[in-house]
Amino acid sequence: MEKYRLKQHPVLPIEVRSDITFYWNSQPLKAKAGEVISSALFANGIKIFGHHPKDGSAQGIFCANGQCAKCTVIANGVPVKSCMTEVCENMIVQSVEGLPELPEVTETPNFETIEEIATDVLIIGGGPAGLSAAIQMAKHGVKAILVDDKSALGGKLVLQTHKFFGSVEDSHAGMRGIDIGKMLAQKVMQSKEIDVWMNSTALYAFIDKKAGILKDGRYKIVVPKIILNAAGAREKFLRFKGNTLAGVYGAGAFQTLVNRDLIKPTERLFIIGGGNVGLIAGYHALQAGIEVVGLVEAMPTCGGYKVHADKLKRLGVPIFTSHTVLAANGEESVSSITIAQVDEKFNVIENTEKTYPCDTILIAVGLESVKEFAVEAQMAGMKVFAAGDALEIAEASSAMFNGKIAGLKIVKEMKSDVGDIPESWYKKAAILKSHPGKIEDRIPADIWEGVMPIIHCKQEIPCNPCSTVCPTGSIKMIGDPIMGLPRYEGKCIGCGKCVAICPGLAITLVDFRKDASVPTVTLPYEVGNMPVAIGDPIQMVDIDGNSLGSFAVTGVTSGNATNRTQLIKAAVPKEIAKKIVSFRIQDAEVSHQIEKSEPESAIADTEMVCLCERVTAGEIRALVRKGIRDLNQIKAITRAGMGPCGSKTCDNLLKQVLRSEGVSVEEIVENTRRPVFVEVPMETFAGKKGGRNA
Amino acid sequence: MRKTYDVIIIGAGSVGVPTAMALAEKKLSVLVLDALASPGQGNAKKAIGGIRATHSDYGKIKISQRSIDIFSTWEKLHGDEIGWMSNGYSYPAYTEKDEKMLKDLMKIQRSFGLNISWISPEEYQKLVPGISMEGLRGSTFSPEDGSASPLLSNNAFYFKSIEYGAEYRFNESVAEIKTDGNRITEVVTSKGSYGCGYMINAAGNFAKEIGKMVGLDLPVNPDSHEAGITEPMKRFFEPMVVDMRSAPGSKNFYFYQNNEGQVVFCITPEPPILGVHNESTSVFLPMCTKRMVALYPRLCNLKVRRTWRGQYPMTPDGFPIIGAVKELDNYINAVGMCGQGFMLGPGLGELIARIVTDTKHADDDRILESFDFYRDFSGQELFK
């Protein structure tokens, strides 16, 4: 089973955990104590958890976030979401083949009165925004209940092994997301004002101004004066042939499996989407020792930060811009992906199809705010604020800052003696959420002596740790102190701090002091599962990943002193010294094409729109062509949106199908959303004494 | 140019749509107007799907029997899956009073030829395995009653009516109904105006407002009921289970497992919640699930997927108001369904078509007796 667990990681500590035994379809298997069932199954190489009652399609992990029910298994006789249920000693886990059987229950449970709790503020979500807001409230003595559906605070920060962008003073730039998460969480846990409810899901805001919360298996009613929606975002899904195969899932689910649960869910990964989420997922995969076969992006350039894209390219991952996915191929699980080039109108160009073997396809085509709860609360006449991705999709650095603003706004609502929010905060918030700006071609200064940083950062992004960390103040921001491009001017002492802190790994050091004709370059490196030792030849590459020749390593630091970023040194000819940015680690052979696509899925018309209820794009199209524009009528006829996820996944896809049929946005009638956001057992609502697990 | 139709129906719901189907099948030109965006978007989609003929009133029984014919043969005749199941209804009795009432009622129901019988607690346990036996005295069981998907049915009837030539205009609310003496001449909407032979009020929640436009005071007042649906499971019980008892905050509640395997449930709040608001309160889920789990402990682990609120357009005596009126020559009521629009709809649609075309059956007048607009509304149905 160890084959599918991470054995080492450049950033994440691999702790020794005790083994327990569980049974999968009567086969005894090992799991790690405390992990969820889905991860225990993945660790044993089991990726198919059952088959759908409607069409027999393979079911498995999809959101890894408790939002859908694709990962349902039967645990000790009861159907549960495997991504949210801890595996325990001797647990009997069975696959769900068709409709599950409801277990017999002979005893009538005892009930307790559902507790009703009044609070000043109810914060939904303990990620960067919710935590930052909570810290403001705690600071000013405002009491709040913070609910989060995971077992640890931090939201998506707990998955972010990379160093953060943004500004050092406002959003801890240069620190790794996981470390920022821990720091914020600690501050909140220490405060008396914030009552933290872990494993708790906000189910609905009712018209009587009460919020239904599932608190660790018990149903509670919270009556808040103010609600802060910091519930984050969910990933958009994509419509393509074979999108229903096992092994197609979101980048968030992937990061959960790898970075939280330390599972190696795939050997060969392909990524759809060149935004920051997709690019970072690719980098995380490499850090975990997973081969990244390629990344496809429909636009002519990646939408994410150039430094993220460059990192992947340099390490050897091909990025196919102006390409789209045609199909995921395979019978039950993904065995390959077929992509093709598109023209400027996104039409597929003939004879450009390419097929690559891979076992997993990540979808990273954008996020949308989780707003349902806030919308319901507003309809009920409750006062609602929003922060982070729930307010607006942006980087976590932005979420932390606008969380801070929202927190203070709420404090102002509760307390009259708090001053206005400084205008400068709003300006900074605007900068931190900026999209990447223009790309400039930069030529390093014509100096060939001494030591100096070479800054391979060519795109304006909100980021400034290099200028903050330099002990001689020699790195200056051109224009805006956060958004501007950094420029070296002054006296470099060769300390390498800028090299180690740059989140984009886009600064190198060139040292001419020992040998002006064969200077030493210092390169940042944090893919520790590919060890690099003194004397090893490494394939040097320029910013775009083009080879500059092979050179031997002359120095390696452990990374202990530099926040787990290793510094690699090599002596190279001065002509290429300033062009070297990194070195290739992934062999070109990883991204080999195959001639013909694999056998196609056994399920006909697999361009699935509603994964829960198995509704295809073809079925939707037929109804649209009959003149139907009301998503409620489409739901009534096809059940699209009626499944366990509550149209969280298909809503966008449905609208896309309508739009592709020429229906304007104004004509489309929205689906009515109803409580509850996630499925909850009856006995929990009924108030079973002692809670679900009693 | 104003277009004129043989019949204009106000409301594309569980009554309006099958009525349009029945009229269009008889080659009449039909226009259905609805303020919402598509068929069945008012209360039709809120119905949980139970269909029974085991009422206590001749008219309701006859109309529902015809409805059951239509539902049960639909797929065979027309090919569309509408989720019909002949899973029966059951009213378990946990008090002596309820047992007596149900048994008395059964005599009447059987005299009308309905297939309903009394079964022992042990027999009932076989139909609903795991139901609480504590104090259970037995249950009625009417195996020919059943259920269907209100969503699929309404759409099946809708597309069939279009095939027969009916026209629909959605997102059009009625602004004015013009009359000339005792005839309706024109229906004016937010988007146009239409002439008509007959006008049928099938406006559900808004029947009273439509009535007012033609000078009729219809005693139809909606009250709210809340419902929910669970995840699907392998079939584990058969009939609709109706618990007639009251508990603080509620009167009866009922649930069944639909043909998708999902348990659909509904409760009647006490006191009634008047009005047409559809937002859920925090009270429903704990109240309803507690009663359900206590009655049927096996439901403990069943996950609730979604809940919603809908209305019963109620009349004072619990009977619909159906048929022509003295005040107007070309107006027909099909209102006040009291929560039974779905099960009455198809049979009722045909009856209305017979009224419009003057082809009433011999017993139609007897059917319509209890639904007369001019009746004394102070009576109560023996059994709702």
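Asker: Honestly, the overall build of chain A in this entry has me stumped. Any pointers?
Answerer: The number of helices and strands found in chain A is 17 helices and 37 strands. At 26 Å, chain A has a C-alpha radius of gyration in line with the 26 Å of a compact globule built from 694 residues. For chain A, the spread of C-alpha atoms along the three principal axes comes to 85 × 70 × 55 Å. Considering only contacts within chain A whose residues lie at least 6 apart along the sequence, 66% involve residues at least 24 apart. When the accessible surface of chain A is split by element, carbon and sulfur atoms take 51% of a total near 26,600 Å². Counting 78 positive and 78 negative side-chain charges, chain A places the averaged centre of each group 4 Å from the other.

Asker: What should I look at first to understand empty space enclosed by the protein in this one?
Answerer: Gaps left between atoms are located by rolling a probe of water-molecule size over the structure's atoms. Residues and elements named next belong to chain A. Tallying each qualifying case throughout the model produces nine cavities of 30 Å³ or more. A volume near 130 Å³ is recorded for the largest cavity. Taken together, 17 residues line the largest cavity, and the ones lying closest to its centre are Cys457, Cys463, Cys466, Pro486 and Cys502. Those elements giving two or more residues to the lining of the largest cavity turn out to be helix H11 (465-469) and strand E28 (485-488). Taken together, the residues that form the lining of the largest cavity break down as 14 nonpolar, three polar and no charged. Taken as a whole, the second largest cavity encloses approximately 90 Å³ of empty space. What lines the second largest cavity is a set of 15 residues, and nearest its centre among them are Pro453, Cys470, Cys492, Cys495 and Cys498.

Asker: What am I meant to see in the sheet that holds strand E19 (residues 319-321) of chain A here?
Answerer: Paired through backbone hydrogen bonds, the strands of a sheet run either parallel or antiparallel to each other. All names here are of chain A. The five strands are arranged E16-E23-E17-E18-E19 in an open sheet whose pairing can be described as parallel. A strand with exactly one partner marks an edge of an open sheet, and here the two such strands are strand E16 (248-250) and E19. Neighbour-to-neighbour, the strand axes of the sheet open up by a mean angle of 20°, direction not taken into account. As judged from the four bridges shared by strand E17 (residues 268-272) and strand E23 (residues 360-363), these two strands associate in the parallel manner. Paired with Leu269 across the bridge in E23 is Thr360. The sheet contacts of helix H5 (residues 251-260) involve E16, E17 and E23, and relative to E16 the element is tilted by about 85°.

Asker: What is the right way to look at the pattern of salt bridges in this model?
Answerer: Oppositely charged side chains may form a pair once their charged atoms are brought near each other. Inspection of every chain in the model, using the stated rule, returns 59 salt bridges over all chains. Here Lys412 of chain A ties to Asp420 of chain A by a salt bridge, and the two come within 2.9 Å at their closest N and O atoms. One salt bridge in this structure joins Arg309 of chain B and Glu226 of chain B, with 3.6 Å as the shortest N-O distance. With Arg309 of chain B in strand E17 (residues 303-314) and Glu226 of chain B in strand E12 (residues 221-232), this pair connects stretches of sequence that are 83 residues apart. You'll find Arg309 of chain B and Glu226 of chain B in the same group, each marked buried. Through salt bridges with shared partners, one network takes in Lys54, Glu613, Arg639 and Glu679 of chain A together with Glu260 and Arg305 of chain B.

Asker: Teacher, can you tell me more about helix H16 (residues 650-660) of chain A here?
Answerer: Since one α-helical turn is 3.6 residues long, residues separated by three or four positions face the same way. Residue and element names in this part refer to chain A. Within H16, eight of the 11 residues are buried, which leaves it mostly tucked inside the rest of the structure. The complete set of buried residues in H16 reads Cys650, Asp651, Asn652, Leu653, Leu654, Lys655, Val657 and Leu658. Turning to H16, the residues buried within the fold contact strand E24 (367-369), strand E35 (608-610), helix H14 (617-625) and helix H15 (631-638). Just downstream of H16, Gly662 is the residue with a positive phi angle, here 85°.

Asker: Where do I start with the interface of chain A and chain B in this structure?
Answerer: Frequently, the measure chosen for interface size is the accessible area that the parts lose on association. In this assembly, 51 residues from chain A lie in contact with 45 residues from chain B. Buried area between chain A and chain B, summed over both chains or domains, comes out near 4,400 Å², and the portion from carbon and sulfur atoms is 60%. Among the residues of chain A in contact with chain B, Leu102, Arg674 and Met682 of chain A are the three that bury the most area, contributing 19% of the side total. In this structure, the connection of chain A to chain B is made through five salt bridges.

Asker: Honestly, the domain arrangement of chain B in this entry has me stumped. Any pointers?
Answerer: Residue and element names in this part refer to chain B. Under the domain assignment used here, chain B contains domain 1 (3-49 + 151-220 + 317-369) and domain 2 (88-144 + 221-313). Computed from C-alpha atoms alone, the centre-to-centre distance between domain 1 and domain 2 is 30 Å. Contact residues are listed per partner, giving 15 residues for domain 1 and 19 residues for domain 2. Between domain 1 and domain 2, a total of about 1,300 Å² is buried, with carbon and sulfur atoms accounting for 56% of that surface. Ranking the residues of domain 1 by area buried against domain 2 places Lys46, Ile48 and Asn205 at the top, with a combined share of 48%. Applying the counting criterion to the domain 1 and domain 2 interface returns zero salt bridges. In this structure, the connection of domain 1 to domain 2 is made through eight residue pairs in polar contact (both at pLDDT 80 or more). The class makeup of the residues in the side of domain 1 that touches domain 2 is six nonpolar, six polar and three charged.

Asker: How do you make sense of the packing of helix H6 (residues 276-287) of chain A against helix H7 (residues 306-315) of chain A when you look at a structure like this?
Answerer: Relative placement of two packed helices is described by the angle separating their axes and the distance separating the axes. Residues and elements named next belong to chain A. Close contact between H6 and H7 brings their axes to 9 Å; oriented N to C, the two are set at 35°. The element H6 and its partner H7 pack so that their crossing is left-handed. The residues of H7 that touch H6, namely those facing Asn276, Leu279, Ile280, Gly282, Tyr283 and Leu286, are His308, Ala309, Lys311, Leu312 and Leu315. Counted by class, the contact of H6 with H7 contains seven nonpolar, three polar and one charged residues.

Asker: Mind showing me how you'd approach the domain arrangement of chain A here?
Answerer: Residue and element names in this part refer to chain A. Partitioning chain A into structural domains gives domain 1 (2-100 + 237-363), domain 2 (116-233 + 369-432), domain 3 (451-590) and domain 4 (604-667). Each of domain 2 and domain 3 was reduced to a C-alpha centroid, and the two centroids are 37 Å apart. If you look at the interface, domain 2 gives 17 residues, while domain 3 gives 19 residues. Both faces considered, domain 2 and domain 3 share a buried interface measuring about 1,300 Å² in area, 57% of it formed by carbon and sulfur atoms. The interface formed by domain 2 and domain 3 includes two salt bridges. In this structure, Arg564 and Asp179 form a salt bridge, with 2.5 Å as the shortest nitrogen-oxygen distance. Those elements that place two or more of their residues in the side of domain 2 that touches domain 3 are helix H3 (168-171), helix H4 (177-190) and helix H10 (423-432). By residue class, the composition of the side of domain 2 that touches domain 3 is eight nonpolar, three polar and six charged.

Asker: Help me out: how do you make sense of the environment of Val418 of chain A in this one?
Answerer: Residue and element names in this part refer to chain A. Structurally, Val418 can be placed in the loop between helix H9 (396-414) and H10. Along the backbone, Val418 and Leu408 are 10 residues apart, and their C-alpha atoms lie at a distance of 8.5 Å. What Val418 contacts, discounting residues up to four positions off in sequence, is His140, Leu408, Val411 and Lys412.

Asker: What am I meant to see in the side chain of Ser64 of chain B here?
Answerer: Residues and elements named next belong to chain B. Inspection of the secondary structure assignment puts Ser64 in helix H2 (residues 58-78). On the accessibility criterion, Ser64 (0% relative accessible area) is buried. One polar contact links the side chain of Ser64 to the main-chain carbonyl oxygen of Lys60, over a distance of 2.8 Å. Once you skip the residues sitting within four places of it in the chain, Ser64 turns out to touch Arg52, Ala53, His55, Met343 and Leu344.

Asker: Explain the confidence of the model for chain B to me, please; I cannot follow it from the model alone.
Answerer: Close inspection of predicted coordinates is inappropriate for parts of the model with low pLDDT. Per-residue confidence for chain B gives a mean pLDDT of 96, with 98% of residues at or over 70. Taken together, the chains of this predicted complex give a pTM of 0.94 and an interface ipTM of 0.96.

Asker: Would you take a moment to explain the packing of aromatic side chains for this structure?
Answerer: Applying the stated criterion across every chain yields a total of 33 aromatic pairs over all chains. One aromatic cluster is present, built from ring pairs that chain together Phe236, Phe237, Phe253, Phe255 and Tyr296 of chain B. Lying over the aromatic face of Trp425 of chain A, Lys404 of chain A brings its terminal NZ or CZ to 4.4 Å of the ring centre.

Asker: Looking at this model, I keep getting lost on the sheet that holds strand E20 (residues 323-329) of chain A. Mind explaining?
Answerer: Residues and elements named next belong to chain A. In spatial order, the strands read E20-E21-E22; together these three strands make up an open sheet with antiparallel pairing. Of all strands in the sheet, those with a lone pairing partner are E20 and strand E22 (354-357), marking the two edges. Neighbour-to-neighbour, the strand axes of the sheet open up by a mean angle of 25°, direction not taken into account. Pairing analysis gives four bridges linking strand E21 (residues 336-341) to E22, with the strands arranged antiparallel. Its bridge partner being in E22, Thr338 is matched across the sheet by Thr355.

The rules behind these values
Residues numbered from 1 in each chain as written. Chains lettered and ligands numbered in written order. Predicted model: local features only at pLDDT ≥ 70, side-chain atom pairs only at ≥ 80, totals over all residues. Heavy atoms only, no water. Helix = DSSP H or I, 4+ residues; strand = E, 2+ residues; numbered from the N terminus. Rg over C-alpha atoms; globule rule 2.2 N^0.38 Å. Contact = heavy atoms within 4.5 Å. Areas by Shrake-Rupley, 256 points an atom, 1.4 Å probe, with all protein chains shown as cover. Lys, Arg positive; Asp, Glu negative; His and termini not counted. Charge placed at Lys NZ, Arg CZ, Asp CG, Glu CD. 1 Å grid on protein atoms, 1.4 Å probe; cavity = no way out; pocket = protein on both sides within 12 Å on 5 of 7 lines; lining within 4 Å. Points joined across faces, edges and corners; volume = space filled by probe spheres on them. Nonpolar A, V, L, I, M, F, W, Y, C, P; charged D, E, K, R; others polar. Pairing = 2+ DSSP bridges. Axes fitted to C-alpha atoms, helices over the stretch in contact; angles between N-to-C directions. Salt bridge = Lys/Arg side-chain N within 4 Å of Asp/Glu carboxyl O. Buried < 20%, exposed > 50% of the residue type's maximum accessible area, 1.4 Å probe, protein only. Buried area = accessible area lost by both parts, 1.4 Å probe. Domains from an automatic or database assignment. Polar contact = N/O pair within 3.5 Å; in protein donor to acceptor, adjacent residues only side chain to side chain. Left-handed = near helix turned anticlockwise from the far one by under 90°. pLDDT = per-residue confidence, 0-100. Phe/Tyr/Trp six-rings, centres within 6.5 Å; stacked < 30°, edge-to-face > 60°. Lys NZ or Arg CZ within 6 Å of the ring centre and 35° of its normal.

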